[in-house]
Amino acid sequence: MVLRSCWKSRHKNSSGPAPCWTRPRLAALLWLCVTQFVCGSGAEGETNNVIQKDAEFDVTYNDTVTSENQTIYAFNHTVSRNKTEGVRVFVDVLSQGFESPILFVVRQKQAVVSFQVPLILRGLYQRKYPYSHVGRTLCQPPTRAASETQYFFVDVSTLSSLGTNYQLRVSRVESFTLQTDKKFSFTASPSQPQYFKYVFPDGVDTVIVKVNSEMTFPCSVMSIQDIQCPVYDLDNNVAFIGMYQTMTKKGAITVQRKDFPSNSFYVVVVVKTEDEACGGPLRFYPLRPDELIDAGNRSKFIDVIVTPAINSEVYVMGMLFCLGIFLSFYLLTLLMTCLENKRMKKREVFQIAADMSPAETGKTQASPYEYGSFADNGSTLSSEAITDSATSTDNNYGYVGREPFKRRPILNHLHHIAIRIEQSLDSVGRSRQESLSSVEEDDYDTLDDITSDKNIVRTKKFLCVSDLSRKDKRILSKKYQIYFWNIATIAVFYALPVVQLVITYQTVVNVTGNQDICFYNFLCAHPLGALSAFNNILSNLGYVLLGLLFLLIVLKRDIVHNRALVRNDLNALECGIPKHFGLYYAMGTALMMEGLLSACYHVCPNYTNFQFDTSFMYMIAGLCMLKLYQKRHPDINASAYTAYACLAGVIFFSVLGVVFGKGNTVFWIIFSVIHILSTMLLSTQLYYMGRWRLDAGILRRIVYVIYTDCIRQCSGPMYIDRMVLLVMGNIVNWSLAAYGLIERPNDFASYLLAIAICNLLLYFAFYIIMKLRSGERIQCLALVCILFTAVVWGFALYFFFQGLSTWQKTPAESREHNRDCILLSFFDDHDIWHFLSSIAMFGSFLVLLTMDDDLDTVQRDKILAF
């Protein structure tokens, strides 16, 4: 009965001549009749009449639908294999009732699309937004024939007993296929999404899809999906497949041919129902859970353009450029080393010529016994200069007198050689004995008489380097080598989980297609393999290469210094700043690790792994300050365990600030109090050179000092230079603490790094000023390094503050800062920051290494400690 009524209704409601029954139409009618047969027996009185109409494109149909009738619109169009035309369906519901919406079902050869009008889209907190105007683009299945006629049907039905008026219009989309380097403009809304097709041209394997808009809001989503049906083009399903990202004004996705077997893809643009995902406000909350909210006009005018990405030649040029820049520093260092070695050989030749000159010129040479020179040197080298112990550093001069006869030059030269051989054998035997003994730093500090001596020496008004370099060199060398071994251990244990985590991040991005996880500069993000932004990773190579070069330079200096100690060179033993290279090795290792961890961070930059990029920056700043202080205070510098424990505390607060610090007043109060207290404790430690105790009697001693120095008699500070530095340091740190407490910046990690850098620059400026004030000079090499480093730092900071992306905002807002590549079509501003900052850090390390070379021939009791 149902089949017969269906057949009769078909002929009864048809107007005009009987249509030609083709297989698609017959199949559609049979499908509808079978559906009624299966479902109609239990739903009597719902749909009794089925009306099928032959419809045409670009014609608006105004009809009414009720539960008593169902309308089917039959369309046909020709599909060509070489040309793709989009088909778009527009529906408007003229009635205002939302209780019984109209259901539209579009049946195609290989796909079915259904939607209701009014279209209800949900937002946050289950808010509902109705849309009476709906437009959908139909999925175009591929065809193998050169030309094929395809049919599709639009079924209109409702359960409402009242008539509902609607308008239906089906149109062709002439510009459905996007062209390379040609901008295409269109309008989209939440209920009228748009998508277009792009086919890779020959010879192009990678393209960048750029979507732009003059309007910040409404928030929208761009998606790249494979050519398959159905196409997910609604706010509630656009994230199901493909790659997608939210956008306000800018969006860009790099697409590779290898990811799409059909050599083509869809560019889908969907406007969201709400703007919170793009950083916009939530206007209001619904008064009732089921209340429908008018979303207003959320149409957005959008431009899309597809441009070819760079080819393999640009990749090769970028890598060669990066390697060429930093390998040139190796060549320059090698050249300077060769020149220095040549100069040293000439100096040795001149020294030998000076020793042999009396025999050549016929002049007489005084005996060592005549002038007491070897007696003088012998006693000094054997008793004081070699051990560098806590005994007096005064020279013990031998007998000065003249022999009744004069030695011949050859005898003088042989005696000179014999003395050197004796000293060498003595030093070798002593080194052998020292290597077999266990020497600890506490063996010195636990003696009561030495403690008393320290209180006397370190509280003098004017201190010299000799006063603060009295400990055994073996002890201090062992102490400062721990810096290197500790940071090497920290690097291994820190880097392994970091690498594992960022690989997981990249895998999640590649699998889910969610481009909002990572904050790239999408307009200059060049993929390579599984990496999404290879250029940002490659540009960190400079930190690693220059860090390694610095380690080689330090190693050379260490070897030269050790050779000078073996031959009992007086300048190496008693002159200049004491040479301890452990902190230099730690600095070079930290620079290399900064490059590795910065590369890991740029695999997928976001706020959860930003500490990877900053942790070793804190390390570098702390090590540089420690090295500056160690130069003239080697005996009282902090141990590696204390220094790294403090730096661990800094990193701990950095993580807390990133996670909990945003807008948290309690956290900022606690941090500011700890910051100020730490500054005061460090100031006290530096002012009294460690000769104070933090115990129960500290308050009593503070009151006593205030009474005696400020109330009873007004006396100025004993150590004026130190007081000036510490006052300036406290002003800077208190100001930074107040700024943080008042402004509460979102980027806590950068704020903490700014504190470290400000303190480092302040101490470095103080060191340079005091050095020049003390009558010391800066040699040419160190001066060139200072000027070069200052200039490079200036340019580096310029590119750093360009701000191509920021995780302090939403991913869509971050993309508003994205910019195109500016160097070789491969590197962006942040890559140039990596280049310049690595060079600047390397230059800063060289400044610390060479700035006191002018003191290598100055006795330590003539060098001031400040």
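The following refers to the structure shown. (Residues numbered from 1 in each chain as written. Predicted model: local features only at pLDDT ≥ 70, side-chain atom pairs only at ≥ 80, totals over all residues. Heavy atoms only, no water.)

## Some points on the overall build of the protein chain
Helix and strand content of the protein chain: 22 helices and 19 strands. Sequence separation of 24 or more characterises 80% of the internal contacts of the protein chain that already satisfy a separation of 6 or more. Looking at the protein chain as shown, the accessible area adds up to about 43,800 Å², and 62% of this sits on carbon and sulfur atoms. (Helix = DSSP H or I, 4+ residues; strand = E, 2+ residues; numbered from the N terminus. Contact = heavy atoms within 4.5 Å. Areas by Shrake-Rupley, 256 points an atom, 1.4 Å probe, with all protein chains shown as cover.)

## Considering the pattern of salt bridges
All chains considered together, the criterion is met by 24 salt bridges. Where R557 meets D853, a salt bridge forms, and the shortest distance between an N and an O atom there is 2.9 Å. Of this pair, R557 sits in helix α11 (residues 541-566) while D853 is found in the segment after α22 (829-850), placing the two residues 296 residues apart along the sequence. Beyond isolated ion pairs, a larger network of salt bridges with shared partners links K631, R632, K771, E776, D852 and D854. (Salt bridge = Lys/Arg side-chain N within 4 Å of Asp/Glu carboxyl O.)

## Thoughts on the environment of L677
Inspection of the secondary structure puts L677 in helix α16 (residues 665-687). Classification of L677 as partly exposed rests on a relative accessible area of 48%. (Buried < 20%, exposed > 50% of the residue type's maximum accessible area, 1.4 Å probe, protein only.)

## With respect to the state of the cysteines
Using the criterion set out here, one finds 4 disulfides in the structure. In this model, C139 is linked to C229 through a disulfide, with the two sulfur atoms separated by 1.8 Å. An S-S torsion of about -85° defines the bridge between C139 and C229 as left-handed. Residue C139 is located in the loop between β9 (133-138) and β10 (147-158), and its partner C229 is located in the loop between β15 (220-226) and β16 (243-247); the two are separated by 90 residues in the primary sequence. A sulfur-sulfur distance of 1.8 Å marks the disulfide that ties C219 to C278. On the S-S bond that ties C219 to C278, the torsion sits near 50°, and the link is right-handed. (Disulfide = S-S within 2.5 Å.)

## What about the sheet that holds strand β18 (residues 264-271)?
A sheet is described by the order of its strands in space; here 4 strands give the open sequence β13-β18-β15-β16, paired in antiparallel fashion. Unpaired on one side and paired on the other, β13 (194-199) and β16 mark the two borders of the sheet. Each strand axis lies, on average, 20° off the axis of its neighbour in the sheet, ignoring direction. Sheet analysis places β13 next to β18, joined by 6 bridges and oriented antiparallel. The residue of β18 that forms the bridge with Q194 is V269. (Pairing = 2+ DSSP bridges. Axes fitted to C-alpha atoms, helices over the stretch in contact; angles between N-to-C directions.)

## Comments concerning the pairing of strand β7 (residues 119-122)
Burial of β7 is one-sided: the residues L119 and L121 facing one way are buried, the residues I120 and R122 facing the other way are not. As defined by bridge partners, β7 adjoins strand β8 (residues 128-131) across 4 bridges and the pair is classed as antiparallel. Bridged to L121 within β8 is Y129. Hairpin connection of β7 to β8: 5 residues between the antiparallel strands, including Y125 at a positive phi of 55°.

## Considerations on the nonpolar core
Formed by 106 residues in total, the largest nonpolar core has its most connected members in Y483, F550, L623 and Y644. Setting aside its immediate chain neighbours within four residues, Y483 contacts G582, L583, A586, L623, L626, A638, S639, A640, A643 and Y644. By size, the runner-up hydrophobic cluster in this structure holds 36 residues, among which are A188, V204, V238 and Y266. (Core = buried A, V, L, I, M, F, W, Y, C linked by side-chain atoms within 4.5 Å.)

## Concerning the sheet that holds strand β12 (residues 184-188)
Read from one edge to the other, the open sheet built from 4 strands follows the order β12-β19-β14-β17, with strand pairing classed as antiparallel. On the outer flanks of this sheet lie β12 and β17 (250-256), each paired with one strand and no other. Neighbouring strand axes in the sheet, compared pairwise and without regard to direction, differ in orientation by 25° on average. Pairing of β12 with strand β19 (residues 300-308), which is carried by 5 bridges, proceeds in the antiparallel orientation. Within β19, the residue paired with F186 across the bridge is I302.

## Thoughts on helix α18 (residues 720-743)
Taking 1.5 Å per residue as the helical rise, α18 with its 24 residues ought to reach 34 Å, and the 34 Å between its terminal C-alpha atoms agrees with that figure. When we look at burial in α18, the residues that qualify are R722, L725, L726, G729, N730, N733, L736, A737 and G740. Next to the buried residues of α18 lie α16 and α19 (748-773). Looking at the residues trailing α18, positive phi occurs at R744, about 50°. (Expected span 1.5 Å × (residues − 1).)

## A word on the side chain of T164
Mapped onto the fold, T164 is located in strand β11 (residues 164-173). Here T164 is in contact with D63, T64, V65, V93, S95 and I102, once residues within four sequence places are set aside.

## Quick look at the packing of α18 against α19
Two elements in contact, α18 and α19, have axes whose closest approach is 11 Å; the angle formed by their N-to-C orientations is 160°. With respect to each other, α18 and α19 are oriented roughly antiparallel. Considering how the two elements wind past one another, α18 and α19 form a crossing that is right-handed. In this structure, α18 contributes D721, L725, M728, G729, V732, N733, L736, A737, Y739 and G740 to the contact, and α19 contributes Y751, I755, C758, N759, L762, Y763, F766, M770 and R773. (Parallel < 35°, antiparallel > 145°, perpendicular 65-115°, else oblique. Left-handed = near helix turned anticlockwise from the far one by under 90°.)

## Quick look at the environment of V269
Mapped onto the elements of the fold, V269 is located in strand β18. In sequence terms V269 and T246 are 23 residues apart; their C-alpha atoms lie 9.8 Å from each other. Those residues in contact with V269 that lie beyond four places of it in its chain are F186, A188, P193, Q194, V221 and I302.

## Observations regarding unusual backbone geometry
The phi angle of most residues is negative, glycine excepted, and most peptide bonds adopt the trans form. Of note, the bond from V117 into P118 is cis; its omega dihedral lies within 30 degrees of zero at 0°. For P118, the location among the structural elements is in the loop between β6 (112-117) and β7. Here C229 and P230 are connected by a cis peptide whose omega angle stands at 0°. In this structure, P230 sits in the loop between β15 and β16. Look at R744: it is not a glycine, yet its phi comes out positive at around 50°. Residue placement: R744 occurs in the loop between α18 and α19. A positive phi angle is found at L824, which is not glycine, with a value near 60°. Along the chain, L824 turns up in the loop between α21 (811-815) and α22.

## Regarding the packing of aromatic side chains
With the rule as written, the count across this model stands at 57 aromatic pairs. Taking 5.9 Å as the distance between ring centres and 55° as the angle between the ring planes, the aromatic pair formed by F326 and F835 counts as tilted. Residue F326 is found in helix α3 (residues 312-361), and its partner F835 is found in helix α22; the two are separated by 509 residues along the sequence. Neither residue differs from the other here; F326 and F835 are each classed as buried. Here the aromatic rings of F652 and F653 are separated by 5.9 Å at their centres, their planes lie at 75°, and the arrangement is edge-to-face. An aromatic cluster is present here, built from F652, F653, F667, W668, F671, Y739, F748 and Y751 joined pairwise through their rings. (Phe/Tyr/Trp six-rings, centres within 6.5 Å; stacked < 30°, edge-to-face > 60°.)

## Details of helix α14 (residues 610-632)
Spanning 23 residues, α14 covers 36 Å between terminal C-alpha atoms, matching the ideal 33 Å at 1.5 Å per step. Among the 23 residues in α14, 22 count as buried, and that is most of the element.

## A word on the packing of α11 against helix α13 (residues 582-601)
Interhelical geometry of α11 versus α13 gives an angle of 170° and a closest axis separation of 7 Å. Put simply, α11 runs roughly antiparallel to α13. The two elements α11 and α13 meet at a crossing, and its hand is left-handed. Across the interface between the two elements, Y543, V544, L546, G547, L548, F550, L551, V554, L555 and D558 from α11 touch Y584, Y585, M587, G588, T589, L591, M592, E594, G595 and L596 from α13. Among the residues making up the contact of α11 with α13, the classes are represented as 14 nonpolar, 4 polar and 2 charged. (Nonpolar A, V, L, I, M, F, W, Y, C, P; charged D, E, K, R; others polar.)

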